[in-house]
Amino acid sequence: MATLIIGFLIGCAFGAILYLGGASSYRRIMGTLLLKDMWIIKLMATAIGVGTLGVYLLDFNGLANLSIKPAYVWGIALGGVIFGVGWAVSGYCPGTCVVGTSEGKKDALFTLLGALVGAFTFSLVYPYIETGLIQNANFGKITMEDLAGINGIYLAVPFSLALLGLSFFVLKDRYE
Amino acid sequence: MHEGTHSMSNDYIISWKVAGVALGLLLTLATALVKPLGVSTQFVVTDAVVAHTVAPQFAESNEYLAKYGEQTDWGVGYGWMLVLGMLVGGGVTALIFKNRQPQADKGSMPPMWEAQFGHSHAKRYAAAFLGGVLLLFGARLAGGCTSGHMISGISQLAVGSFIFGVMTFGAAILMAKFLYRAR
């Protein structure tokens with residue numbers, strides 16, 4: 001029960017941050033995908049920069065509840081391409097269409113409904129593609145830590161600093 | 001579109017810096033308390049719950065839905081409550097900050113879309129729906145979305161999540177350039 005309440009509260013904060021930060025804005029999303037308005041990429045790189053540092057500091061102290069997704073190359077690559085096309089066509093991603101819907105944006109609601117249909121469609125196709133795309137070339141739950149063979153904190157710190165540096169000092173706000 | 005001298009102050013509610021740092025801290029908190037953030041799985045859980053209510057036999061026979069349905073006892077867990085929270089947290093915040101939201105970010109018809117594709121709401125909604133279908137088909141094939149793979153996954157330095165990030169941004173940028181090509 002406590003876990004459900006924590007989930008709800010974390011979700012509330014997540015939704016609020018995405019709304020307040022303009023992440024559910026079509027103008028911001030498409031601006032980033034057209035490589036003109038760097039708002040979303042800076043927001044994401046900052047979040048990942050702080051997140052990587054936070055997660056690996058927790059992990060270093062044995063406090064992280066990690067959830068590493070398996071690296072099955074073909075399914076992730078093809079899924080990523082399909083997802084990317086859907087992202088550009090709708091202007092939303094699964095999280096931001098939820099937030100857009102909560103704001104009363106009808107286009108976001110249509111994306112949310114489409115997303116439910118897309119997930120259902122995948123459940124019908126799954127048995128036919130599981131062997132070829134998910135079991136094939138599946139390297140399991142591997143991280144850069146496993147590849148490098150050193151403690152993740154030594155990768156996390158420079159990676160985090162690079163992302164924060166990119167957001168705060170390298171990228172301009174806009175490119176014309 | 002006239003850009004006034006005071007337009008910058010109306011251009012956002014909180015800056016990407018504040019939102020980005022807050023999101024990174026929230027991810028850290030979630031990882032400490034339960035597990036990292038993720039959204040796309042919950043669309044399957046929702047489908048599984050609906051399918052189990054409407055057509056239980058079909059739901060049990062569908063390998064993928066049954067996987068998510070049974071794990072959560074055909075009910076809701078941490079992840080689903082998180083997405084419900086997004087709906088509530090986003091909605092309440094949107095009500096409170098309604099007057100501070102930039103004009104360009106309001107409404108169901110983005111001005112940018114209208115300038116390129118015309119005034120038809122049906123066309124915008126059809127694209128939004130189709131995009132949604134592709135989003136979740138792709139996310140389930142890949143095993144995550146912007147939150148689970150990109151934000152949470154890359155923050156955990158997961159190899160698969162880096163692959164997802166590169167492929168997704170690559171495809172999305174090409175598609176966006178194609179949609180908004182000069183004509």
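It should be emphasised that the depicted structure is a prediction, and the values quoted were computed from it without experimental measurement.

Enquirer: Sorry, what's going on with the overall build of chain B here?
Expert: Helix and strand content of chain B: 9 helices and 0 strands. Of the regular secondary structure in chain B, the N- to C-terminal order runs α-α-α-α-α-α-α-α-α. Dimensions of chain B along its principal axes, counting C-alpha atoms only, are 60 × 40 × 35 Å. Within the span of chain B, comprising 183 residues, buried residues form 51% of the whole. Within chain B, contacts between residues separated by at least 24 positions form 51% of all contacts whose residues are at least 6 apart in sequence.

Enquirer: Would you take a moment to explain the overall build of chain A for this structure?
Expert: Check the secondary structure of chain A and you find 8 helices and 0 strands. Listing each helix as α and each strand as β along chain A from the N terminus yields α-α-α-α-α-α-α-α. Here the C-alpha coordinates of chain A stretch approximately 45 × 45 × 45 Å along the principal axes. A total of 176 residues make up chain A; the buried ones form 57% of that total. Partitioning the intrachain contacts of chain A with sequence separation of at least 6 by distance along the chain shows that 63% fall at a separation of at least 24.

Enquirer: How do you make sense of unusual backbone geometry when you look at a structure like this?
Expert: Excluding glycine, residues mostly carry a negative phi; peptide bonds, for their part, are mostly trans. One non-glycine residue with positive phi stands out, namely Leu35 of chain A, at about 60 degrees. In this fold, Leu35 of chain A is placed in the loop between helix H2 (26-33) and helix H3 (39-60). Residue Leu35 of chain A is classed as exposed on the basis of its C-beta count, with 12 C-beta atoms lying within 10 Å. At Leu157 of chain B, a residue that is not glycine, the phi angle is positive and equals roughly 55 degrees. Positionally, Leu157 of chain B belongs in the loop between helix H8 (146-155) and helix H9 (159-179).

Enquirer: Would you mind showing me how to read the interface of chain A and chain B here?
Expert: You'll often see interface size given as the accessible area lost when the parts meet. Tallying the contact residues gives 107 residues for chain A and 105 residues for chain B. Elements that contribute at least two residues to the side of chain A that touches chain B include exactly helix H1 (2-20), H2, H3, helix H4 (73-90), helix H5 (94-102), helix H6 (106-135), helix H7 (144-148) and helix H8 (153-170) of chain A. With 19 residues, H6 of chain A is the largest single contributor of residues to the side of chain A that touches chain B. A per-class count over the side of chain A that touches chain B returns 67 nonpolar, 32 polar and 8 charged.

Enquirer: Hey, could you run me through the nonpolar core in this one?
Expert: Here is a general trend for soluble globular proteins: nonpolar side chains tend to be buried in one another's company. Among the nonpolar cores identified, the biggest contains 109 residues, and Phe14 and Ile17 of chain A together with Leu26, Leu136 and Ile151 of chain B are the most heavily contacted of them. Non-local contacts of Ile151 of chain B, meaning those with residues more than four positions away in its chain, are made with Met44, Ala47, Ile48 and Gly51 of chain A together with Leu23, Leu27, Leu37 and Thr146 of chain B.

Enquirer: Which parts of the structure should I look at to understand the environment of Gly170 of chain B?
Expert: Looking at the element boundaries, Gly170 of chain B is found in helix H9. Each C-alpha atom, one on Gly170 of chain B and one on Gly85 of chain B, is 31 Å from the other, the two residues being 85 residues apart in sequence.

Enquirer: Is there a simple way to explain H6 of chain A in this structure?
Expert: Because the α-helix completes a turn every 3.6 residues, residues three or four places apart line up on one side. All names here are of chain A. When the terminal C-alpha atoms of H6 are compared, their 38 Å separation across 30 residues is substantially less than the 44 Å that a helix rising 1.5 Å per residue should span. In H6, a bend of some 80 degrees at Ile129 exceeds every other bend along the element. In the stretch just after H6, Ala137 is the one whose phi turns positive, near 50 degrees.

Enquirer: Just checking my understanding: could you explain the packing of helix H2 (residues 41-54) of chain B against helix H5 (residues 78-96) of chain B for this structure?
Expert: Residue and element names in this part refer to chain B. The N-to-C vectors of H2 and H5 enclose an angle of 100 degrees; their axes lie 9 Å apart at closest approach. Classified by the angle between their axes, H2 and H5 sit roughly perpendicular to one another. Across the interface between the two elements, Thr41, Gln42 and Val45 from H2 touch Gly79, Trp80 and Val83 from H5. Here the contact of H2 with H5 is composed, by residue class, of 3 nonpolar, 3 polar and no charged.

Enquirer: Just to check I follow, could you spell out the confidence of the model for chain B for this structure?
Expert: As a general rule, the predicted coordinates of low-pLDDT regions are not to be interpreted in detail. All names here are of chain B. Looking at chain B as a whole, its pLDDT mean stands at 92, while 92% of the residues score no less than 70. Contacts of residues 1-7 to residues separated by more than four positions or lying in other chains number 0 contacts, the stretch itself having pLDDT below 50. The complex model carries a pTM of 0.95, and its ipTM stands at 0.97.

Enquirer: Looking at this model, I keep getting lost on the packing of H4 of chain A against helix H7 (residues 121-142) of chain B. Mind explaining?
Expert: The geometry of a pair of packed helices is captured by two quantities: the angle between their axes and the separation between those axes. At a minimum axis separation of 7 Å, H4 of chain A and H7 of chain B run at an interaxial angle of 160 degrees. What the angle tells us is that H4 of chain A and H7 of chain B run roughly antiparallel. Once H4 of chain A is placed against H7 of chain B, the crossing between them reads as left-handed. For the pair H4 of chain A and H7 of chain B, contact is made by Gly75, Ile76, Leu78, Gly79, Gly80, Ile82, Phe83, Val85, Gly86, Trp87, Val89 and Ser90 of chain A and by Ala127, Ala128, Leu130, Gly131, Gly132, Leu134, Leu135, Phe137, Gly138, Ala139, Leu141 and Ala142 of chain B, respectively.

Enquirer: Can you help me understand the environment of Arg140 of chain B in this one?
Expert: Locating Arg140 of chain B in the fold gives a position in helix H7. Judged by C-beta crowding, with 28 C-beta atoms within 10 Å, Arg140 of chain B ranks as buried. Residues Arg140 of chain B and Thr41 of chain B lie 99 residues apart in sequence; the distance between their C-alpha atoms is 7.3 Å. Those residues in contact with Arg140 of chain B, other than ones at most four positions away along the chain, are Ala119 and Phe122 of chain A together with Ser40 and Val44 of chain B.

Enquirer: When you look at the environment of Lys106 of chain B in this model, what are you seeing that I'm missing?
Expert: Residue and element names in this part refer to chain B. If you trace the backbone, Lys106 turns up in the loop between H5 and helix H6 (111-117). According to the C-beta neighbour criterion, Lys106 is partly exposed, with 15 such atoms within 10 Å. Placed 53 residues apart in sequence, Lys106 and Val159 show a C-alpha to C-alpha distance of 37 Å.

Cut-offs and rules
- Residues numbered from 1 in each chain as written.
- Chains lettered and ligands numbered in written order.
- Predicted model: local features only at pLDDT ≥ 70, side-chain atom pairs only at ≥ 80, totals over all residues.
- Helix = DSSP H or I, 4+ residues; strand = E, 2+ residues; numbered from the N terminus.
- Buried ≥ 20, exposed ≤ 12 C-beta atoms within 10 Å, placed from the backbone.
- Contact = placed C-beta atoms within 7 Å.
- Nonpolar A, V, L, I, M, F, W, Y, C, P; charged D, E, K, R; others polar.
- Core = buried A, V, L, I, M, F, W, Y, C linked by C-beta atoms within 7 Å.
- Expected span 1.5 Å × (residues − 1).
- Bend = angle between axes of the 7 residues up to and from the residue.
- Axes fitted to C-alpha atoms, helices over the stretch in contact; angles between N-to-C directions.
- Parallel < 35°, antiparallel > 145°, perpendicular 65-115°, else oblique.
- pLDDT = per-residue confidence, 0-100.
- Left-handed = near helix turned anticlockwise from the far one by under 90°.

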